[in-house]
Structures are given as structure tokens and as C-alpha cells.
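# Structural description and commentary
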Amino acid sequence: MTRGRTAPSRGAFDLITLVIARRPPAPEQAATLSPEEAELLARCAGPCSVAELAAELDLPAGTVRVLLGDLLEAGLIEAHQPPTPADAVPDGLLRAVLVGLRAL
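This report concerns the structure included in the present document. Just so you know, the residues in each chain are numbered from 1, in the order the chain's sequence is written. Per-residue local features of the predicted model are confined to residues with pLDDT of at least 70, and side-chain atom pairs are confined, for both listing and counting, to 80 or more; whole-chain, interface and lining totals are unaffected and use all residues. As a convention, hydrogens and water are excluded, and side-chain values are obtained from all of the structure's heavy atoms.

## A short note on the nonpolar core
Rules: Here, nonpolar core refers to any group of buried Ala, Val, Leu, Ile, Met, Phe, Trp, Tyr and Cys residues whose side-chain atoms link them within 4.5 Å. Residue exposure (1.4 Å probe, protein chains only): buried if accessible area is under 20% of the type maximum, exposed if over 50%, otherwise partly exposed. Segments assigned H or I by DSSP are reported as helices when at least four residues long, segments assigned E as strands when at least two residues long, and all are numbered from the N terminus. The contact rule is simple, with two residues in contact once any of their heavy atoms fall within 4.5 Å.
Formed by 19 residues in total, the largest nonpolar core has its most connected members in Val19, Leu40, Leu53, Val64, Leu68, Leu71 and Ile77. If one sorts the elements of this core by residue count, helix α4 (residues 61–73) sits on top with five residues. Excluding anything up to four places from it in sequence, Val64 contacts Leu40, Val50, Leu53, Ala54 and Leu59.

Right, dumping it as C-alpha cells:
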């Protein structure tokens, strides 16, 4: 299934990374997909986390990550990483918004 690989060829997939299909595979691409990759792609019609995909397919998360890396490399899915603490809104800005809302 993963041909002995333990890490995705492309991308980093946390358990809470959201994955969504970009487009259906071209006929020649569909012919090269493994049954597991085809099932992953079908389940990614709407946003789905790596953890959900692993649970739904009853596969280890590491295996799902490798397969998702292949789909990402083929351009069939998008992966949206969870926000990091550096992406957080500063407390001062939130307080200023709150003060502004109370002033209304």
C-alpha cells in the first residue's frame, strides 16, 4: 500500500490537518490510484481531518499520511494546516475590538 514508505513524499499531515479534494482525477490518473487512494479521494469531497479519514478507512494514521502525500503530489487534494500560536491574534487587538463593540 505505501511501498515501505513511512513518511509522506510531500506535505506534513497532523491529525487535525483538513484535507479536501481539488478535482476528480483524470481517467489516466484514476487508473493508477490504489483502491485506498481512490477511497481517500472520494471521502475528501468535503473537508475531512486526517484522523477522521484514518478512522473511517480503518487504517493507521501513518499509512493515511503517506497516501495523502501521494494525492497531494498528484495535485488531487489540498491540505490546510491547523493554525500555529504564531498565527494567533494578539490579545491587545482582541481587547480593542471588544472595547469598540461595547462602545456601540
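## Section: the sheet that holds strand β3 (residues 77–80)
Keep this limit in mind: Paired strands, in this sense, are two strands between which DSSP finds at least two bridges. Only C-alpha atoms enter the line fits that serve as axes; for helices the fit covers just the stretch in contact. Angles between N-to-C directions range over 0 to 180 degrees.
Across the sheet, which stays open at both edges, the three strands sit in the order β2-β1-β3 with antiparallel pairing between neighbours. Only two strands of the sheet have a single neighbouring strand rather than two, namely β2 (48–49) and β3. As judged from the two bridges shared by strand β1 (residues 18–21) and β2, these two strands associate in the antiparallel manner. Pairing of Val19 across the sheet is with Cys48, part of β2. Lying over the sheet, α4 contacts β1 and β3, oriented at roughly 120° with respect to β3.

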